[in-house]
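Here are the chains, one letter per residue:
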Amino acid sequence: MCGIVGYTGKNSALAPVLEGLRRLEYRGYDSAGIALTLEAGLPLWVEKRAGKLGNLEETLDQGVPTSHSGIGHTRWATHGGPTDTNAHPHLDNDGKLALIHNGIIENYVELRLALEAKGHHFKSETDTESVVHLLSDARKEHGGDLAAAMRQVCAQLRGSFTLLAIHSDDPERIVGARRNSPLVVGVGDGENFLASDVSAFISHTKRALELGQDEVVDITPTKITITDLAGNTLPPNEYEISWDASAAERGGFSHFMLKEIYEQPKAIADTLIGRMSGLDSSITSGLELVNINKVVIIACGTAYHAGLVGKYAIEKWAGLPVEVEFASEYRYREPYVDAATLVIPISQSGETMDTLMAMRYAKSHGAQVFSVCNTNGSTIPRESDAVLYTFAGPEIAVASTKAFATQLVAMYLIALHLGTVRGLLSPEFLAQIGDELAELPGKVEQVLETVEPLRELTRKFKDSTSMLFLGRHVGFPTALEGALKLKELAYMHAEGFPGGELKHGPIALIDEGTPVVAVMPTGNALLTEKMASNVQEVKARGAVVIAISDVDVPAATHLIRIPTTHEFLQPVLSVVPLQVIAYEMAVARGNDVDQPRNLAKSVTVE
Ligand code: AGP
């Protein structure tokens with residue numbers, strides 16, 4: 001959802017705030033705004049515009065006064081449309097206090113009514129504006145102490161929030177707070193940063209501080225103070241950021257998504273390092289796995305598809321029943337869960353609200369939580385009993401690619417670990433699957449070398465209204481992922497089906513020229529034959545079939561050849577052409593590849 005950045009320090013604030021917003025724009029791009037403090041007593045300088053960050057930047061050409069402290073926001077609209085007025089920052093009625101917000105204030109209506117009754121005048125339709133008025137009154141009550149005011153206000157709020165505030169009378173200070181929404185501190189030399197994630201300040205410092213739930217942070221250029229809502233000072237939890245600025249840049253690729261597709265071999269290799277012969281106790285020591293009798297995987301979107309593949313692997317290798325749940329549905333159906341349940345939340349960002357809430361529900365009912373996450377210091381791993389980090393590096397494009405590949409790898413590693421703990425896997429099998437895993441980066445490399453013709457082929461279907469994806473076994477979740485990618489990038493109707501389900505309804509969608517992608521690697525002879533029949537069935541009804549396989553598929557119209565690997569590992573290879581199809585289709589249709597309409601990278605509202 002929204003991206004938030006704050007800078008205070010020896011340098012001009014405008015450049016680091018704009019750079020941070022540029023790097024965080026993947027989080028939301030409906031509008032953008034900046035507020036800067038000038039000398040004490042002078043009014044704040046504020047500019048905000050609907051639309052992408054570029055719209056705001058154009059207005060800055062007219063000149064910006066020198067400032068050493070400021071906050072910036074890039075918005076994914078929830079309450080109130082994407083207009084100049086609804087854009088953040090929001091100001092109090094004195095025009096001296098500016099506030100930016102990520103999340104949803106659930107009690108904003110009652111707060112607004114009470115504040116209006118007290119004489120506050122509202123300008124926007126946002127939930128955020130209630131907070132700035134509340135904060136303004138609280139600051140006056142606390143004799144100008146913005147951090148004390150923030151603590152008081154946070155205690156009155158319901159919902160999720162990251163908040164940053166500045167006041168014109170205290171120009172070097174930025175005060176932030178968080179609950180169920182991300183905020184990290186960047187520790188510089190004579191300068192400090194606050195941001196939704198570390199990519200905003202990675203070119204300035206690699207030192208970061210984690211902030212926990214309901215914590216308030218008060219920064220000046222030389223001091224960082226973290227407190228809980230009662231005002232108790234908390235010790236900083238510092239960590240070093242392991243990647244550098246180039247990882248968050250396009251590096252010669254036309255889009256972040258394309259770069260991230262090509263980074264998959266490295267991401268997979270990095271996630272496998274040191275883990276192929278088992279997960280060591282530094283990862284799993286927080287878990288008691290011997291007595292678990294059920295696994296529940298909770299995730300959203302692409303991560304959910306990785307979970308579906310994980311189900312096949314865990315059931316087969318660890319002999320445990322596995323449920324895979326849409327995180328957004330899980331807690332609301334009040335599922336049965338107890339201490340013998342292992343819950344595996346999968347999340348690239350570690351901040352997805354639906355996943356976090358589902359995980360908290362399971363934990364509160366006694367489940368053990370073993371999360372799979374790509375973002376160090378984020379909320380989901382912090383609240384888990386154990387975490388298996390994926391090492392995809394920063395994923396900037398909204399459409400998930402390399403994170404998915406590494407989530408698949410993580411699921412295989414967990415399945416093998418569970419199977420080993422339960423004594424079900426022979427050393428021969430472990431050695432064989434270990435070899436297959438080790439070969440995956442090279443095999444993805446091979447797929448990437450052969451996808452060029454697919455790019456031209458995809459453009460032929462640019463004007464199609466619909467595309468279908470078929471698969472069986474682990475090819476089915478792969479088909480779902482291919483369809484999701486196409487929907488979010490090409491804005492085209494797309495659906496994934498198990499091959500066997502076709503004749504139960506979906507085959508009616510097939511018409512002359514309908515493109516159908518058949519995910520049909522071999523590995524299970526029976527299923528290969530059945531998929532071949534499905535290809536014949538759709539072709540007989542006019543479909544143009546693009547098969548993704550490691551063998552010839554005579555009935556297909558086009559074949560994308562991928563290397564052979566273990567049956568369960570096939571999604572890591574067969575998803576790559578599907579990512580390329582979605583990418584190429586988005587380009588051909590003139591869509592914004594990295595920031596597709598209506599979406600945001602990190603979904604921190606339910
Ligand atoms: C996929 O391309 C999406 N951007 C989306 O489905 C994403 O995977 C989902 O929102 C989950 O995000 P997370 O992994 O950060 O929790």
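Before reading on, note that the structure itself is shown above.
Scoring rules and cut-offs
Residues numbered from 1 in each chain as written. Predicted model: local features only at pLDDT ≥ 70, side-chain atom pairs only at ≥ 80, totals over all residues. Heavy atoms only, no water. Helix = DSSP H or I, 4+ residues; strand = E, 2+ residues; numbered from the N terminus. Rg over C-alpha atoms; globule rule 2.2 N^0.38 Å. Buried < 20%, exposed > 50% of the residue type's maximum accessible area, 1.4 Å probe, protein only. Contact = heavy atoms within 4.5 Å. Areas by Shrake-Rupley, 256 points an atom, 1.4 Å probe, with all protein chains shown as cover. Near = heavy atom within 4 Å. Polar contact = N/O pair within 3.5 Å; in protein donor to acceptor, adjacent residues only side chain to side chain. Lys, Arg positive; Asp, Glu negative; His and termini not counted. Salt bridge = Lys/Arg side-chain N within 4 Å of Asp/Glu carboxyl O. Axes fitted to C-alpha atoms, helices over the stretch in contact; angles between N-to-C directions. Parallel < 35°, antiparallel > 145°, perpendicular 65-115°, else oblique. Left-handed = near helix turned anticlockwise from the far one by under 90°. Nonpolar A, V, L, I, M, F, W, Y, C, P; charged D, E, K, R; others polar. Core = buried A, V, L, I, M, F, W, Y, C linked by side-chain atoms within 4.5 Å. Pairing = 2+ DSSP bridges. Phe/Tyr/Trp six-rings, centres within 6.5 Å; stacked < 30°, edge-to-face > 60°. Arc of directions from axis to C-beta.

Undergrad: Please clarify how the overall build of the chain should be interpreted in this entry.
TA: Looking only at helices and strands, the chain features 18 helices and 24 strands. Taking 2.2 N^0.38 as the reference for a compact globule, 606 residues should give roughly 25 Å; the C-alpha atoms of the chain span a radius of gyration of 25 Å, in line with that estimate. In the chain, which comprises 606 residues, the share counted as buried stands at 62%. The long-range fraction of contacts in the chain, counting pairs at least 24 apart against all pairs at least 6 apart in sequence, stands at 71%. Accessible area for the chain stands at about 21800 Å²; split by element, carbon and sulfur atoms hold 51% of it.

Undergrad: Teacher, can you tell me more about the site of the ligand here?
TA: In the vicinity of the ligand there are 14 residues, among which Ser-347, Gln-348, Ser-349, Thr-352 and Glu-488 approach most closely. Between the ligand and the protein, one listed contact pairs an oxygen atom with a side-chain N or O atom of Glu-488 at 2.3 Å. Taken by itself the ligand offers 410 Å² of open surface, and the protein chains cover 90% of this. For the shell around the ligand, the elements supplying multiple residues, two or more each, are helix 9 (301-318) and helix 16 (475-490).

Undergrad: Sorry, what's going on with the environment of Ser-196 here?
TA: Tracing the sequence through the fold places Ser-196 in the loop between strand 10 (191-195) and strand 11 (207-210). Spatially, the C-alpha atoms of Ser-196 and Ala-405 are 24 Å apart, while their sequence positions differ by 209 residues. Those residues within four positions of Ser-196 in sequence are excluded, and the remaining contacts are Cys-2, Gly-3, Ile-4, Leu-24, Arg-27, Pro-182, Leu-183 and Val-184. A distance of 2.8 Å separates the side chain of Ser-196 from the backbone nitrogen of Ile-4, its partner in a polar contact.

Undergrad: Please clarify how the side chain of Glu-129 should be interpreted in this entry.
TA: By the element assignment, Glu-129 lies in helix 4 (residues 128-141). The buried charged residue Glu-129 lacks any salt bridge, with Arg-112 as its nearest oppositely charged partner at 4.9 Å. The contact partners of Glu-129, leaving out residues within four places of it in the chain, are His-90, His-121, Phe-122, Lys-123 and Ser-124.

Undergrad: Quick question: what am I supposed to make of the side chain of Thr-8 here?
TA: Among the structural elements, Thr-8 can be located in strand 1 (residues 3-9). A polar atom in the side chain of Thr-8 sits 2.7 Å from the backbone oxygen of Glu-172. Residues contacting Thr-8, with those up to four places away along its chain left out, are His-68, Ser-69, Glu-172, Ile-174, Glu-191, Asn-192, Ile-219, Thr-220 and Pro-221.

Undergrad: Would you explain the packing of helix 1 (residues 14-24) against helix 2 (residues 53-60) in this entry?
TA: How two helices pack is summed up by the angle between their axes together with the distance between the axes. Between helix 1 and helix 2, whose axes approach to 11 Å, the crossing angle comes to 160°. When the axes of helix 1 and helix 2 are compared, the pair comes out roughly antiparallel. In terms of crossing hand, the pair formed by helix 1 and helix 2 is left-handed. Contacts between helix 1 and helix 2 involve Leu-14, Leu-18, Leu-21 and Arg-22 on the former and, on the latter, Leu-53, Gly-54, Glu-57 and Leu-60. Taken together, the residues of the contact of helix 1 with helix 2 break down into five nonpolar, one polar and two charged.

Undergrad: What is the right way to read the nonpolar core from this model?
TA: Soluble globular proteins: nonpolar side chains tend toward being buried together. Ranked by internal contacts, the top residues of the largest apolar core, which has 121 residues, are Val-295, Ile-314, Trp-317, Ile-344, Leu-418 and Leu-486. The contact partners of Val-295, leaving out residues within four places of it in the chain, are Ile-314, Leu-320, Pro-321, Val-322, Glu-323, Leu-342, Ile-344 and Leu-418. Counting 25 residues, the second largest nonpolar core, distinct from the first, contains Leu-115, Leu-146, Val-175 and Ala-177.

Undergrad: Where do I start with the sheet that holds strand 22 (residues 515-519) in this structure?
TA: The strands making up a sheet associate through backbone hydrogen bonding, with each pair oriented either parallel or antiparallel. Taken in spatial order, the five strands make up an open sheet running 21-20-22-23-24, and their pairing is parallel. Edge positions in the open sheet fall to strand 21 (493-498) and strand 24 (558-561), since each of these has one partner strand only. Across this sheet, the average inter-strand angle for adjacent strands is 20°, counted without regard to direction. Where strand 23 (residues 544-549) lies against strand 24, four bridges are found, and the strand directions are parallel. The partner of Ala-547 across the bridge, within strand 24, is Leu-559.

Undergrad: For this particular structure, what's the right way to read the packing of aromatic side chains?
TA: Any pair of aromatic rings gets described here by the distance separating the centres and the angle formed by the planes. For the structure shown, the criterion picks out eight aromatic pairs. Taken together, a centroid distance of 5.7 Å and an interplanar angle of 35° make the contact between Phe-193 and Phe-201 tilted. Measuring from ring centre to ring centre gives 3.9 Å for Tyr-304 and Phe-326, while their planes differ by 15°; the resulting arrangement is stacked. One end of the pair, Tyr-304, is in helix 9; the other, Phe-326, is in strand 16 (residues 322-326), and 22 residues separate them in sequence. For Phe-326, a relative accessible area of 43% corresponds to the partly exposed category. Taken together, Trp-317, Tyr-412, Phe-429 and Phe-568 form an aromatic cluster joined through their ring pairs.

Undergrad: What exactly am I supposed to notice about the environment of Gly-143 here?
TA: Inspection of the secondary structure puts Gly-143 in the loop between helix 4 and helix 5 (146-156). Between the C-alpha atoms of Gly-143 and Val-535, which are 392 residues apart in sequence, the distance is 73 Å.

Undergrad: Is there a simple way to explain the environment of Leu-413 in this structure?
TA: Mapped onto the fold, Leu-413 is located in helix 13 (residues 402-421). For Leu-413, a relative accessible area of 3% corresponds to the buried category. Separated by 99 residues in sequence, Leu-413 and Ile-314 place their C-alpha atoms 9.6 Å apart. Dropping the residues within four chain positions of it, Leu-413 is found in contact with Thr-271, Leu-272, Arg-275, Leu-279, Leu-388 and Leu-437.

Undergrad: What exactly am I supposed to notice about the sheet that holds strand 6 (residues 97-105) here?
TA: Taking strand neighbours across the sheet as the criterion, the six strands line up as 5-6-7-8-12-13 in an open arrangement whose pairing is antiparallel. The strands lining the two open edges of the sheet, one partner per strand, are strand 5 (90-91) and strand 13 (224-228). Pairing of strand 6 with strand 7 (residues 159-167), which is carried by nine bridges, proceeds in the antiparallel orientation. Each bridged residue has a counterpart across the sheet, and for Leu-99 the counterpart in strand 7 is Ala-165. In this fold helix 4 packs onto strand 5, strand 6 and strand 7, with an angle of close to 130° to the strand it touches most, strand 6.

Undergrad: So what exactly am I meant to see when it comes to helix 2 here?
TA: Inspection of helix 2 places Leu-53, Leu-56, Thr-59 and Leu-60 among the buried residues, and these make up the whole buried set. Buried residues of helix 2, viewed axially, fall in a sector of 120°; they line one side. Buried-residue contacts for helix 2 involve helix 1, strand 2 (31-37) and strand 3 (45-50).

Undergrad: Help me understand the pattern of salt bridges, please; the structure alone is not making it clear to me.
TA: Any two side chains of opposite charge can pair, given that their charged atoms come close. Here the structure, examined in full by the defined rule, presents 34 salt bridges. Measuring nitrogen to oxygen at the nearest pair gives 3.4 Å for the salt bridge that ties Glu-19 to Arg-23. With a gap of four residues between them, Glu-19 and Arg-23 both fall in helix 1, about one helical turn apart. Accessibility expressed as a relative area gives 10% for Arg-23, which makes it buried. A salt bridge links Arg-459 to Glu-584, with the shortest nitrogen-to-oxygen separation between them at 2.6 Å. Taken as a pair, Arg-459 in helix 15 (residues 452-459) and Glu-584 in helix 18 (residues 570-588) lie far apart in primary sequence, 125 residues in all. One network of salt bridges, with partners in common, ties together Lys-294, Glu-323, Glu-325 and Arg-333.

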